[in-house]
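One letter stands for each residue in the lines below.
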Amino acid sequence: MSLRLAAPLLIALALAHVLIQGPPPLGQVLAYGLGHEAADYRMILFRDAALPRTVMALLVGAALGVAGSLLQHWLRNSLASPTTLGIASGAWCALVAATVFAPALAIDGGFWVACTGGLVAALLVLVIVGPRGMAGLPAILAGMAVNLLFGAVAQALVLVENQRVRDLGLWAAGDLQQNGWGEVLTLLPLAACLIAVALLLGRPLALFRLNVEVASGRGLSLALYGPVIAGMAIALTAAAISLVGPIAFVGLLAPNCARLLGARTSVGELFGALVVGAGGLLLTDAIAASVSTVTRDIVVTGVVSPFLGAPVLLLILLRRRLADRRPVAQAVPVTPGIAPHRIVAILAVLGLGLGVLAIFLGRSEAGWVWTSPDSMAVSFRWPRVLTAAMVGVALASGGVVLQTLLRNPLASPEIIGISTGAGFAVAMATVLTGSAIADPRPVSIMGSLAVMCLILFILRRGHHSTLGVIMMGIAAAAMLDAGLAFAISTGGDEVYTFLGWLAGTTIYADANSSLVLLGSVCALGAVLLALARWLDLIALGPEVAGGRGMHVALAQMALFGLAGVLVALATAAIGLAPFIGLMAPGFARLLGAGRARMHLIMAAMIGASLMIVSDWIGRMAFYPIQIPAGPGAAVIGGAYFILVLRRRLS
Amino acid sequence: MFRAVLLLLWLGLACLPTGPAAAQAIRITDKHGDHSFAQPPGRVMALTWSLAEQVIELGVTPVGVADVDGYTTWVVQPPVPDGVANTGLRGTPNFERIAELQPDVILLGDRQEAFIPQLERIAPVLQFELFSEGHDNAETARRTYLTLSRLFGREAEATARLAQLDTKLAGLADKLAAAYGDGVLKVSVVRFAGATSVRAYGANSMPEAALTALGIESAWPQPVSKWGFVTRPVTEMGGIAEGIVFYIGPLEMEEEVLNSPLWNAMPVSSEGRLHGLDPVWTYGGVFSIGYLAELIAGKLLEIAPR
C-alpha cells in the first residue's frame, strides 16, 4: 500500500469520524482558531470530546496494528497478536485486580500494571510451549488457554466485587469516549516513539521473518532483538489497554490485511498494519458511536469490534493466506517405570478418595467438620461432586480426542470455541431478552451445537481444517468477551447469576441432573473407548490411516462430534472450566499413557480428580461465600505449567 | 319467635367454621402461585437485598441475608441487625449454610428461580418478581411489602409504617414547596460508571418514584427500563438545560470524573447544579424510596436559594 493512497484515506476516515459525533460549530471553531476563548458547550464538546476521541481511535488502532505486526514478525506466525498470545488478557486482568485491590495504583500506574500483566502472560505462553514452539500453532493454542485463564480470574474478581467494578466503569471494555485531552497526551508520546522505533527496525525484522538461522548468519543478535521486539509489542498493547480497555481483532487482523493488500517488505507491512489498524478502529468506533445514538444504552467499541472482526477473519481464512503449516510433534509419553494398569488403579483410588473427602469434609458455622452421611449438607454436596467429576471426565476425554485429531498436544476443548460459544449464547440471550435467563443450560447447549456445526463445516473443507478450527475458537472467545461486556453494562442484579455460571459453578447440580450427566458421560465415554483404535490410527497420520483401509474423513467427523457433545454437556452443566481439557491429557502423558485407550482412561480419571479439587476449593476457600470452580482450576493449571517448565529445564 | 330462634341458630352455625379457620392458614401468592402457611414463619432468610430491606422494615430480624458485607456498603439503610448470617453471594447462595440455619421461609428475588428446587428441600420458598419492564417497580414494591406483612402477621404495623412513609414524603414535599416557592422543580439522579459513562435513573426507577412523591419533575427524562436506568455518555448531560443533578456515592473516581475540562464546561456543572448524595440503594424496596427522598430533599433544602 502506498503512502499516497493511505494518507488521504485515513484523513477522510478521521474527518468522517469527527462529523459522525455531531456537526462541529464551524463559526466558533474559526473564532477559536483566531485566538478567541471557547465559550459555548458545543465548541467544548467538539474540542474536548469529539476530537480527542478521533485521535484516540487513530492512536490505539495504530498501536495495536503495529504491536500485532511486531509479534507476527518475531514469531513468524501470522496468527500472533496481543489477543491470541494472551497478552491483552493478562494486561486487562492485572488492571482489574489492581482496581479492586489497589485503586490508587491502577489510576496512577495503570500503564505499568498492564505492562506487568502482559509480560506475565507472554512468559506463561513461553513456558507452556518452549522457545521452539513460539513460531507455530502451539504458541496460539497456549495463548488462547492463557487468555481464558486470565479471563477466569478477572471474572471471579468481577463476580465478587461486581457492584464496585461496574461503578468504576471497568465493564466498558474498549470504550473510546474521552472527556478531555489528558489520556490522548499520555498515549501519544509513548506510542509515537515505539512506532517510530519499530519502523526503523525494518532490516532486523525482515531477517526475523526469513529464518532464525539465516538471521544469526548475518550477524543479527537475536538474543538482543527478540526481547526488544516482544517488549515493544507488550508496551504498545499495555498502553492502549490501560487507557481504553481491550479491543479484540485489531492486532490480529491489521497485519494480515496489510499482507493481503500487497505489503511485501517488513516496513511495508508495519506501515500497512498501522494504517489498517487506525482506519479499522476509526470505522468500528464510528459505528459504535452512531449505534449508541439510537439504542437505549451505550454500545461501546469493544462490543462492536468482534462483530466486524470475525467476518474479516473468516474472509482471510477463505483466502488462505495464513500459511503456517508446520508439523507439530506429539507429546512423547514418559515411562515412569510403573505398569500402566497400576497407575490406573492408583488414579482410581485417588479419585475416589478425593470424591469422598469433597463430600464429607467441609466448613460450617462450627469450623471444619466431618459431616455425617445422612445430613442435609451431604445431600447438597454429592450431586455437586459427582457433577464436577463427570465434567472433568467429559473435558479430559474431549481433550484427548481433540489433541489427537488436531495432532497437537495443546489443543483443548475450551480454545476451539465450543464452550466459549455457549458462553456467548448465554450472554446474548441475557442482552436480547433484557434479563438473564434463569437456567442457562438449554441456551448453552444450543450455543455449543451451533459452534460445533460451524467447526464440522470447516473440517469438511479439507486441509486447512486445523487452522480454521482454531480461528473459530479465537472468534468465539472474542465474541464471548464482547457479549459479556455488553451484558454487564446493561444488566442489573441478574448479572450475578450469569457470571457465576460463566466461571464454572456446580451450584445448579441436583441429584437428578448429576445422575443424568453420569449416565450420558459414561455412555459417550464407552463409545469413545470402543473407537480408541481409530484414534491410534489417526495419530499415525491421515495417509497411514487411509492406507489401512480407514475412511479418515468420516472417522474424524464422528470422533469430533463425540468430543463436541461431551464438551457441550460439560459446559451446560457448569459453564467454563478452563485448563482441565488441556491439563488432564498432558498429565496422562507424563504418567506414561501411550495408546489412545490408556490415554482416554488416565486422562478421564485425572480430569475427574482435578475438577473435584477445583470445585472443593471454590466452595471452601472463602466460606460462607462460595465461588465457582473456574478460578481453582486456573490455579491448578498454573502449577501444572510450572511443573512442565521444570521438566523442560531439567 | 321460633323462626327467630332458628334464624339466630343458623346465623351462629354459619359463623362458626369461617372465623377460626381463616385465622389459621395464611395464604400468600408469589410468582409461582399460592402458598399456605399454618403460622407466621419465625426464621426468615432473604437472598436478595431489596427483600432483606422489606423484612427488616417489618420489624422482623432475618436469620440470614445474602452478601451482608455488600449490603452494608451499597444498601446501607436500613442497617442489618447484628448477628444476621451471611448466606453467600446473591448469584451463588450457599445451600449448606442456609440448611444449617434452619429457616422457616426463604425469600427469593428476580432471576433466582434456578435455586428453587434445591432450596425447597430446606424450607418453603417464596419468589417475588420485583423489577420488570412490564410493571411499575415502585407500586410492586409496596404490594410486595403488604404481602410480606400478611405472611408475618404484621399487617397493622405495615399499614402504619406505610402511612408514616406517606406522611414523611408529603411533609418533605411541603417543605420543598415552601423553600422553592411556585414553579416546577426539576431534578435527576445518576450514578457514574467510569469517567465517560453515566447511569441515568429514569422511568420505572426508585429515584424517580422518590422524585414524583416529592412533587419534582425529571430534569433528564429517560425511557422505561427493567431496573429503571439507562447507560449514556456523560457528554449528553450537557443537554440538561435546567434543573439539578444528583450523583450517588461512593464515587471512587471523583477526581477523573469531575475535574475534566469537558465536565467543567457542562452547564450543569459550571452553573453549580450538580451535587453528590450519600450511598443509597437504587434497586431496593418501598422504603428505599423514603431514604432516597430524604437524601434528595435534605440536599435540596441545604442548597435552597434562601
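Residues numbered from 1 in each chain as written. Chains lettered and ligands numbered in written order. Predicted model: local features only at pLDDT ≥ 70, side-chain atom pairs only at ≥ 80, totals over all residues.

1. Some thoughts on the overall build of chain A
Part 1: The number of helices and strands found in chain A is 28 helices and two strands.
Part 2: When burial is assessed residue by residue, chain A has 58% of its 650 residues classed as buried. (Helix = DSSP H or I, 4+ residues; strand = E, 2+ residues; numbered from the N terminus. Buried ≥ 20, exposed ≤ 12 C-beta atoms within 10 Å, placed from the backbone.)

2. Here's the deal with the overall build of chain B
Part 1: Summing up its helical and strand segments, chain B has twelve helices and 13 strands in all.
Part 2: With the C-alpha coordinates aligned to their principal axes, the bounding extent of chain B is approximately 90 × 55 × 35 Å.
Part 3: Buried positions account for 48% of the 306 residues belonging to chain B.
Part 4: Within chain B, residue pairs in contact and separated by at least 24 positions form 63% of the contacts whose partners lie at least 6 positions apart. (Contact = placed C-beta atoms within 7 Å.)

3. Quick notes on the interface of chain A and chain B
Part 1: Each partner contributes residues to the interface: chain A has 48 residues there, and chain B has 52 residues.
Part 2: Take the side of chain A that touches chain B: its biggest share by element is five residues, from helix α3 (residues 41–75) of chain A.
Part 3: For the side of chain A that touches chain B, a count of residues per class yields 19 nonpolar, 18 polar and eleven charged. (Nonpolar A, V, L, I, M, F, W, Y, C, P; charged D, E, K, R; others polar.)

4. Some points on the environment of B:Ile116
Residue and element names in this part refer to chain B.
Part 1: By secondary structure assignment, the location of Ile-116 is in helix α5 (residues 116–119).
Part 2: Looking at Ile-116, the number of C-beta atoms within 10 Å reads 16, which means it is partly exposed.
Part 3: A C-alpha to C-alpha distance of 9.5 Å links Ile-116 and Ile-106, two positions ten residues apart in sequence.
Part 4: Residues contacting Ile-116, with those up to four places away along its chain left out, are Val-125 and Gln-127.

5. Notes on unusual backbone geometry
Part 1: Cis geometry marks the peptide bond from A:Tyr623 to A:Pro624; its omega dihedral reads 5°.
Part 2: Looking at where A:Pro624 falls in the secondary structure, it is placed in the loop between α27 (596–620) and α28 (630–649).
Part 3: Of the consecutive residues B:Gln77 and B:Pro78, the connecting peptide bond is found in the cis state with omega at -10°.
Part 4: At B:Asp67, a residue that is not glycine, the phi angle is positive and equals roughly 45°.
Part 5: On the secondary structure map, B:Asp67 appears in the loop between β4 (64–65) and α3 (68–74).
Part 6: You can call B:Asp67 buried: it has 28 C-beta atoms within 10 Å.
Part 7: You will see that B:Val76, though not glycine, has its phi angle at about 65°, which is positive.
Part 8: Secondary-structure assignment places B:Val76 in the loop between α3 and β5 (85–86).

6. Remarks on the confidence of the model for chain A
One rule of thumb: low pLDDT means the predicted coordinates there are not for detailed reading.
Part 1: Model confidence for chain A is summarised by a mean pLDDT of 82, while 87% of its residues fall at 70 or above.
Part 2: Note that residues 321–330 of chain A has pLDDT below 50 and, in this model, 24 contacts with residues that lie over four places away or in other chains. (pLDDT = per-residue confidence, 0-100.)

7. Some points on the packing of helix α7 (residues 155–180) of chain B against helix α12 (residues 286–302) of chain B
All names here are of chain B.
Part 1: Where α7 contacts α12, the two axes come as close as 10 Å, and the packing angle between them is 20°. By the angle between their axes, α7 is roughly parallel relative to α12. As α7 runs across α12, the sense of the crossing is left-handed. In this structure, α7 uses Leu-165, Lys-168, Leu-169, Leu-172, Lys-175, Leu-176 and Ala-179 to contact α12, whose residues at the interface are Phe-287, Gly-290, Ala-293, Ala-297, Leu-300 and Leu-301.
Part 2: Split into classes, the residues belonging to the contact of α7 with α12 amount to ten nonpolar, one polar and two charged. (Axes fitted to C-alpha atoms, helices over the stretch in contact; angles between N-to-C directions. Parallel < 35°, antiparallel > 145°, perpendicular 65-115°, else oblique. Left-handed = near helix turned anticlockwise from the far one by under 90°.)

8. Description of the pairing of strand β1 (residues 26–30) of chain B
Part 1: Examined bridge by bridge, β1(B) and strand β2 (residues 33–37) of chain B share five bridges and lie antiparallel to one another. The residue bridging B:Ile28 from the neighbouring strand is B:His35, located in β2(B). (Pairing = 2+ DSSP bridges.)

9. Details of helix α10 (residues 202–210) of chain A
Part 1: Within the span of α10(A), buried status applies to A:Pro204, A:Leu205, A:Leu207 and A:Phe208. Across the axial projection of α10(A), the buried residues extend over an arc of 160°, all falling on one side. (Arc of directions from axis to C-beta.)

10. A short note on the sheet that holds strand β6 (residues 105–108) of chain B
All names here are of chain B.
Part 1: Reading across from one edge, β5-β4-β3-β6-β7 is the order of the five strands in this open sheet, with parallel pairing throughout. Single-partner strands in this sheet number two, and they are β5 and β7 (125–127).
Part 2: Here strand β3 (residues 44–46) pairs with β6 via three bridges, running parallel. Residue pairing for β6: Val-44 is matched across the bridge by Val-105.
Part 3: Those strands touched by helix α2 (residues 49–57) are β3, β4 and β6, and its axis lies near 145° from that of β3.

11. Remarks on the nonpolar core
Part 1: The biggest cluster of nonpolar side chains holds 318 residues, and the ones touching the most others in it are A:Ala63, A:Val66, A:Leu236, B:Leu214 and B:Ile296.
Part 2: Looking at this core element by element, the count peaks at 21 residues for α3(A).
Part 3: Not counting chain neighbours up to four residues away, the residues in contact with A:Val66 comprise A:Ile195, A:Ala198, A:Leu236, A:Leu270, A:Ala273 and A:Leu274. (Core = buried A, V, L, I, M, F, W, Y, C linked by C-beta atoms within 7 Å.)

12. Brief notes about the packing of helix α26 (residues 580–590) of chain A against α27(A)
Residue and element names in this part refer to chain A.
Part 1: With their axes 8 Å apart at the nearest point, α26 and α27 run at an angle of 130° to one another. It follows that α26 is oblique to α27 by the angle criterion. The interaxial crossing formed by α26 with α27 has right-handed handedness. For the pair formed by α26 and α27, the contact residues are Ile-580, Met-583, Ala-584, Pro-585, Phe-587 and Ala-588 on the first element and His-599, Met-602, Ala-603, Ile-606, Gly-607, Leu-610 and Met-611 on the second.

13. Some words on the confidence of the model for chain B
Residues and elements named next belong to chain B.
Part 1: When the pLDDT values of chain B are averaged, the result is 86; 90% of them are 70 or greater.
Part 2: When the elements of chain B are averaged for pLDDT, helix α1 (residues 2–24) gives the smallest value, 55, and β3 the largest, 95.
Part 3: Scored below 50 in pLDDT, residues 16–22 makes zero contacts in the model with residues more than four places away or belonging to other chains.
Part 4: Across the predicted assembly, pTM comes out at 0.83 and ipTM at 0.81.

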